[in-house]
Amino acid sequence: MMKLVLSALLVLSAVSAQAADIYKIDTKASTVAWKGTKKVGSAHDGAIAVKEGDVTVDKGQLKSANIVIDMASITNNDVKDAEYNKKLVGHLSNDDFFNVPKFPTSTFKLTKVTPKSKDEVTVKGDLTIKGVTQPIEFPAKVVVGKDTVTGTAVVKVDRTKWGIKYGSGNFFKELAGDKIISDEFELNLNLVAKK
């Protein structure tokens, strides 16, 4: 009898272990676009690459995710002058902003998913930038298929929570309006993960 119970438990354990599927992020199909604005006037936009990651799906529902962003891949789209474009990307890469030589990656670890409707969810997780980890929450659209999971979201990030204060009117009161950079920047996520 004991052997039968143990066998049944092993079968149940195997079934529950198989219920969760892991999908690897397709780094070529996934995109992250960024946009930063000044309080008055101009804005800049560009892209940044996903280095690696995975998502776990259990019974058709997103359960966890780990995403690694390659900070050295940051580009700018709107500045057409090559020299100024290089200067801008260099500035974003130095310690005023992301200090890429010291912190070559940023990470996002999903901690909770709350369904809102068929494909709409609220995502909570930990975002690490420049070695600082802060909680973040945003709405997303997640579609789970047999072999593919896609996720799209527009995420607003208050950079000052990660110690990125350059040009912030909240920290540098003497700055004129056209020199103030908005504390929030925007990330437009389009993530694809495959089995």
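What counts, and at which threshold
- Residues numbered from 1 in each chain as written.
- Predicted model: local features only at pLDDT ≥ 70, side-chain atom pairs only at ≥ 80, totals over all residues.
- Heavy atoms only, no water.
- Pairing = 2+ DSSP bridges.
- Helix = DSSP H or I, 4+ residues; strand = E, 2+ residues; numbered from the N terminus.
- Salt bridge = Lys/Arg side-chain N within 4 Å of Asp/Glu carboxyl O.
- Buried < 20%, exposed > 50% of the residue type's maximum accessible area, 1.4 Å probe, protein only.

1. Brief notes about the pairing of strand β9 (residues 181–194)
When strand β1 (residues 20–25) meets β9, the two strands line up antiparallel, connected through two bridges. When the sheet's bridge partners are listed, Ile 25 is paired in β9 with Ala 193. In this structure, strand β2 (residues 31–38) lies alongside β9, joined through seven bridges in antiparallel fashion. In the strand pairing of β9, Ala 33 is matched with Asn 188. Of the pairings in the sheet, the one linking strand β8 (residues 148–158) to β9 comprises 11 bridges and is antiparallel in character. Within the sheet, the bridge partner assigned to Asp 158 lies in β9 and is Glu 184.

2. So, the pattern of salt bridges
The full count for this structure, using the stated rule, is seven salt bridges. Notably, a salt bridge pairs Lys 195 with Asp 21, separated by 3.7 Å at the nearest N-O pair. Of the two residues, Lys 195 sits in the segment after β9 while Asp 21 sits in strand β1, which places them 174 residues apart along the sequence. Of the residues examined, Lys 195 reaches a relative accessible area of 54% and is grouped as exposed.

Everything listed here is a matter of geometry and, on its own, says nothing about what the molecule does.
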